[in-house]
Number of protein chains: 4
Amino acid sequence: MSNDVFEWPVRVYYEDTDAQGVVYYANYFRFMERARTEWLRALGVDQEHMLNVERRMFVVVNTTLDFIVPARFNDELLVTASLGKLSRASFDIEQNIYRGGVDGEVCCRGGVRAAFLNADTLKPLRVPADFFKEGH
Amino acid sequence: MSNDVFEWPVRVYYEDTDAQGVVYYANYFRFMERARTEWLRALGVDQEHMLNVERRMFVVVNTTLDFIVPARFNDELLVTASLGKLSRASFDIEQNIYRGGVDGEVCCRGGVRAAFLNADTLKPLRVPADFFKEGH
Amino acid sequence: MSNDVFEWPVRVYYEDTDAQGVVYYANYFRFMERARTEWLRALGVDQEHMLNVERRMFVVVNTTLDFIVPARFNDELLVTASLGKLSRASFDIEQNIYRGGVDGEVCCRGGVRAAFLNADTLKPLRVPADFFKEGH
Amino acid sequence: MSNDVFEWPVRVYYEDTDAQGVVYYANYFRFMERARTEWLRALGVDQEHMLNVERRMFVVVNTTLDFIVPARFNDELLVTASLGKLSRASFDIEQNIYRGGVDGEVCCRGGVRAAFLNADTLKPLRVPADFFKEGH
């Protein structure tokens, strides 16, 4: 799936907006995490089992985001996630947020760097080579 | 401390507001929990130790709140907490939110009913008789 | 639509949970508002137009909620909304939150009382008699 | 004030944490905005007046953040803000989040780039030369 772009729709509710009339900047990171979680689900990854039984988890170690055009109440956004650089202990996920589909206006552009950790020791683990392939 | 009213100041930031220009209704419950947590701290209760070592925790089992006057960005609120009815396995905490001190305007009036649970079994525990006295 | 129950699915993400491992209590109110907003949309109400052009808005004036069974990360919830008592200037919306459909476990049971206001004067307006009928 | 570092304390509550037991990553951005708002207040800037009367506002146009050590429930954090590069229409604010004071552990390191906009046209405005000096 490394060349594919996962897409997840997000509707903007009042909870997401602020008194400037637009989506509060921290909330785009919530939208991005929803897309990542759904991407993992689509790849067959059970995060609950991973955390509670295998005691392994993903954590975000860095994020960079450009806020280009503000989203507003009732907007239907599309949040993407796709694999960028993959190294031994971390990987980049590129994420954009669009209004009106991937051919529409770009609201945000950026991504996160994630690491795969032992949930007890918080030590980094090697990301399995086939992780971002569907059907495991 | 059962006749006393605990008071905790809360400043309204952009994160708390919505596109209607006022504090988003769910966020008053966040303010109320801050006041309860600080009240417990003032009473000498260490919630972390209680949860992680004693495996006991408080949970809210009911809440009722009247939204009377909306709070806005930059408002300095005062959130109160005081013990209402105390029964074997639950207790009521009365909580109001004021703008401009307890003699000011009432923004919200209500409270929560809380229970004390075994964190592993989620079974209710008896609330210790001296819990709401300072200095334990 | 007064006898009907509107249903809206909500997935629980990490953003909704807290360190007790369950959905943070204030966040159920966010889920309830999503269901109310989608219910209005299904009824043909354009809240943006209503607020920005007609300068009228709904506000929640009271809420009561029983927290019965905690929801957890990854749960698929179903949030309902149905019209309760309707008076001149306010109306009750009954809302429950289920896990596993309306025949499943009840996580929360309660509702809100809402008023219809002039957005400039914040004075209450009469709720139109046909408001909760589809297709206007 | 350009060489000074503004510091603002933030207590971690349940609302800030998630089921992984740590502060949810998006919430650090809420903490950072509190520090920026209090910094502006300390500089004598009235954001409400600026938005509602002067119709000018700050918006964040980019953020970058390294998540180094997770913060937990009850932690007392210290959030800093200091002026980085200042250009005609934007300026960088460097922000770190510490546990146990600025000599303690660094939880997050990063910052935001902010622009100064006309709130009606959303066009960028020149940042006044003396903006980051106290007492205006």
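In this convention, every chain numbers its residues from 1, walking through the sequence in written order. Following the order in which they are written, the chains are lettered starting with A and the ligands numbered starting with 1. Per-residue local features of the predicted model are confined to residues with pLDDT of at least 70, and side-chain atom pairs are confined, for both listing and counting, to 80 or more; whole-chain, interface and lining totals are unaffected and use all residues. The basis for every side-chain value is the complete set of heavy atoms in the structure, and neither hydrogens nor water enter the calculation.

Student: Is there a simple way to explain the pairing of strand S4 (residues 90–99) of chain D in this structure?
Tutor: Remark: a regular strand shows side chains that alternate across the two faces of the sheet. All names here are of chain D. Here the term buried applies to any residue with accessible area under 20% of the maximum for its type, exposed to any over 50%, and partly exposed to those in between, with areas from a 1.4 Å probe on protein chains only. Secondary structure is summarised from DSSP: a helix means a run of H or I of at least four residues, a strand means a run of E of at least two, and numbering begins at the N terminus for each. Most of S4 sits inside the fold, with eight of its ten residues counted as buried. Only strands that DSSP links by at least two bridges are regarded as paired with each other. Pairing of strand S3 (residues 76–86) with S4, which is carried by six bridges, proceeds in the antiparallel orientation. Residue pairing in the sheet places Leu86 in a bridge with Phe91 of S4. Counting the residues between successive antiparallel strands, the hairpin from S3 to S4 contains three residues. Examined bridge by bridge, S4 and strand S5 (residues 105–118) share ten bridges and lie antiparallel to one another. The partner of Ile93 across the bridge, within S5, is Val112. Here S4 folds back onto S5 in antiparallel fashion, the turn holding five residues, of which Gly100 has a positive phi close to 80 degrees.

Student: Before we go on, may I ask you to explain the confidence of the model for chain A in this structure?
Tutor: When pLDDT is low, close inspection of the predicted coordinates is not appropriate. All names here are of chain A. Confidence per residue, as judged by the predictor, is encoded in pLDDT with a range of 0 to 100. Model confidence for chain A is summarised by a mean pLDDT of 91, while 96% of its residues fall at 70 or above. Per-element confidence in chain A is highest for strand S1 (residues 6–11), whose mean pLDDT is 98, and lowest for helix H2 (residues 47–52), whose mean pLDDT is 88. Across the assembled chains, the prediction reports ipTM 0.92 with pTM 0.94.

Student: Explain the packing of aromatic side chains to me, please; I cannot follow it from the model alone.
Tutor: Aromatic ring pairs are reported here in terms of the distance separating the ring centres and the angle at which the planes meet. Each Phe, Tyr or Trp ring, with Trp reduced to its six-membered ring, pairs with another whose centre is within 6.5 Å; inter-plane angles below 30 degrees give stacked pairs, above 60 give edge-to-face pairs, and intermediate values give tilted ones. Under the counting rule described, the total for this entry stands at 42 aromatic pairs over all chains. With centroids separated by 5.9 Å and ring planes inclined at 80 degrees, the aromatic side chains of Tyr25(B) and Phe29(C) adopt a geometry described as edge-to-face. With Tyr25(B) in the loop between strand S1 (6–11) and helix H1 (27–42) and Phe29(C) in helix H1 (residues 27–42), this residue pair bridges two chains. The pair Tyr25(B) / Phe29(C) is uniform in exposure class, with both members buried. Where Tyr28(D) meets Phe67(D), the ring centres are 5.8 Å apart and the plane angle is 50 degrees; that geometry is what we call tilted. Placement of Tyr28(D) in helix H1 (residues 27–42) and of Phe67(D) in strand S2 (residues 56–67) is noted, with a sequence separation of 39 residues between them.

Student: Looking at this structure, I do not really get the layout of surface pockets. What am I missing?
Tutor: It is the rolling of a water-molecule-sized probe over the atoms that shows where space remains empty. With a 1 Å grid spanning the protein atoms alone, the term cavity applies to any set of points in which a 1.4 Å probe fits but cannot get out, the term pocket to an open set with protein on both sides within 12 Å along at least five of seven lines, and the term lining residue to any residue with an atom within 4 Å of a point. Grid points are joined across faces, edges and corners, and a volume is the space filled by probe spheres set on the points. Put simply, the second largest pocket is a space of about 980 Å³. Along the walls of the second largest pocket sit 43 residues, with Gln20(B), Val22(B), Met57(C), Phe58(C) and Val59(C) positioned nearest its centre. Listing elements by their share of the lining of the second largest pocket, those giving two or more residues are strand S5 (105–118) of chain B together with H1, helix H2 (47–52), strand S2 (56–67), strand S4 (90–99) and strand S5 (105–118) of chain C. Residues of the lining of the second largest pocket, tallied by class, amount to 30 nonpolar, six polar and seven charged. Each residue gets one label: Ala, Val, Leu, Ile, Met, Phe, Trp, Tyr, Cys and Pro are nonpolar, Asp, Glu, Lys and Arg are charged, and the others, such as Gly, are polar.

Student: Explanation requested: the relation of the copies chain A and chain D in the structure shown.
Tutor: In this arrangement, two copies of a chain are superimposed by a rotation about an axis accompanied by a shift along the axis. Superposing chain A onto chain D takes a rotation of 180 degrees plus a shift of 0.0 Å along the axis, which leaves an RMSD of 0.0 Å. Here the copies are linked by what is in effect a two-fold axis. Closest approach to the rotation axis among the C-alpha atoms of chain A is made by Thr64(A), whose C-alpha sits 2.1 Å away. Only heavy atoms enter the contact rule, under which two residues are in contact if any of them lie within 4.5 Å. Mapped onto chain D, 100% of the interface residues of chain A are again interface residues, and the two copies thus contact each other with one and the same surface. Only residues with pLDDT of at least 70 in both copies contribute their C-alpha atoms to the least-squares superposition of the copies.

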